[in-house]
Amino acid sequence: MDKVHSVDVIQPEIKKTKKRNIRILYVEADEDHVHLQNKNNNNAKKNMRNIAMPKLVYVHEGVDQDKSSKTRKVLKNVRYFGDMYKKSEDLWLEVTNYIYDQYNIDFIETVYLSGDGAAWIREGVNWVPKSKFVLDSYHLSKYLRTATAHLNNELITQELKDAIDWPDKEETRKVFKK
């Protein structure tokens, strides 16, 4: 543990290249739960675990089909960001600066910002140009199961999932009415 704590993390340099022209950019965000090994736990609640929650973001251009396999997807031009940011604004500023440095903003049509819907993730829409928030697939499935569990009807659950996956707003409305 002492060796790990003594390591200085140096971010890799961002290669200065000609700005790339892409139509769609993906920004995915989440936080991780890291269990700390501090002996002095001064938390107000004695039962509270001693954990840290670093924020993680990665920017990419989609899945590289040529390098991907059936079991593992490889992302195109991926860049990772993560740290124990005290303010999420610092993280989003770093991500936005990277996007402006690497991409021709005028050429981008949409930036899909996905995550679990936490407030700090949704805040990214205010920082990242041309961005739209979308719920990530894990949490979408989780919320679909929660929303339809009381129905005891797998057919309705599957219809709703299909309508959302398609995506067809009118069909989704029809399934909601059912």
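As a reminder, the structure under discussion sits directly above these lines.
A few points on the structure. The shown structure was predicted, so the numbers you read here are calculated from the model rather than taken from an experiment.

Reading the values: rules and limits
- Residues numbered from 1 in each chain as written.
- Predicted model: local features only at pLDDT ≥ 70, side-chain atom pairs only at ≥ 80, totals over all residues.
- Heavy atoms only, no water.
- 1 Å grid on protein atoms, 1.4 Å probe; cavity = no way out; pocket = protein on both sides within 12 Å on 5 of 7 lines; lining within 4 Å.
- Points joined across faces, edges and corners; volume = space filled by probe spheres on them.
- Helix = DSSP H or I, 4+ residues; strand = E, 2+ residues; numbered from the N terminus.
- Nonpolar A, V, L, I, M, F, W, Y, C, P; charged D, E, K, R; others polar.
- Core = buried A, V, L, I, M, F, W, Y, C linked by side-chain atoms within 4.5 Å.
- Buried < 20%, exposed > 50% of the residue type's maximum accessible area, 1.4 Å probe, protein only.
- Contact = heavy atoms within 4.5 Å.
- Pairing = 2+ DSSP bridges.
- Axes fitted to C-alpha atoms, helices over the stretch in contact; angles between N-to-C directions.
- Phe/Tyr/Trp six-rings, centres within 6.5 Å; stacked < 30°, edge-to-face > 60°.

### Focus: the layout of surface pockets
Right, on to step 1. Each pocket or cavity is described by its volume, and for the largest pocket that value is around 450 Å³.
Right, on to step 2. Looking at the largest pocket, it is lined by 16 residues, and the ones nearest its centre are Y26, E28, Y58, H60 and S114.
Right, on to step 3. Among the secondary structure elements, those contributing two or more residues to the lining of the largest pocket are β1 (24-31), β4 (55-60), β6 (110-115) and β7 (131-135).
Right, on to step 4. With three residues, the top contributor of residues to the lining of the largest pocket is β1.
Right, on to step 5. For the lining of the largest pocket, the class distribution of residues is nine nonpolar, four polar and three charged.
Right, on to step 6. Counted as a void, the second largest pocket has a volume near 370 Å³.
Right, on to step 7. For the second largest pocket, the full set of lining residues is F133, V134, L135, S137, L140, S141, L144, K161, I164, D165 and P167.
Right, on to step 8. Elements represented by at least two residues in the lining of the second largest pocket include exactly β7, α5 (137-148) and α6 (154-165).
Right, on to step 9. Top contributing element to the lining of the second largest pocket by residue count: α5, with four residues.
Right, on to step 10. Split into classes, the residues belonging to the lining of the second largest pocket amount to seven nonpolar, two polar and two charged.

### A short note on the environment of R145
Right, on to step 1. In this structure, R145 sits in helix α5.
Right, on to step 2. Distance from R145 to K161, taken between C-alpha atoms, is 9.6 Å for residues 16 residues apart in sequence.

### Structural notes on the nonpolar core
Right, on to step 1. Among the nonpolar cores identified, the biggest contains 22 residues, and L25, V27, V57, V59, W92, V95 and I99 are the most heavily contacted of them.
Right, on to step 2. Contributing elements (two or more residues each) for this core: β1, β4, α2 (88-102), β6 and α3 (119-122).
Right, on to step 3. Element by element, the count of residues in this core is highest for α2, at five residues.
Right, on to step 4. Not counting residues up to four positions away in its chain, the partners in contact with I99 are L25, V27, V59, I105 and V128.

### Comments concerning the sheet that holds β4
What holds strands together in a sheet is hydrogen bonding between their backbones, with the strands either parallel or antiparallel.
Right, on to step 1. Read from one edge of the open sheet, five strands run β5-β4-β1-β6-β7, paired in mixed fashion. One side of each edge strand has no neighbouring strand; the edge strands of this open sheet are β5 (79-83) and β7. Going across the sheet, the axis of each strand differs from the next one's by a mean of 20°, ignoring polarity.
Right, on to step 2. Pairing between β1 and β4: six bridges, direction antiparallel. Its bridge partner being in β4, V27 is matched across the sheet by V59.
Right, on to step 3. The strands touched by α2 within the sheet are β1, β4, β5 and β6, with β4 carrying the most contacts at an inclination of about 15°.

### Some points on the packing of aromatic side chains
Right, on to step 1. Counting across every chain of the model gives five aromatic pairs.
Right, on to step 2. Relative to Y98, the ring of F81 lies with its centre 5.6 Å away and its plane at 70°, an arrangement referred to as edge-to-face. Of this pair, F81 sits in strand β5 while Y98 sits in helix α2, and the two are 17 residues apart along the sequence. Residue F81 shares its accessibility class with Y98, and that shared class is buried.
Right, on to step 3. Their ring planes at 35° and their centres at 6.1 Å tell us that W92 and W120 sit as a pair that is tilted.

### Things to note about the pairing of β1
Right, on to step 1. Of the two faces of β1, the one holding L25, V27, A29 and E31 is buried and the one holding I24, Y26, E28 and D30 is not buried anywhere.
Right, on to step 2. Inspection of the sheet shows β1 paired to β6 by five bridges, in the parallel sense. By the bridge assignment for β6, I24 is matched with T110.

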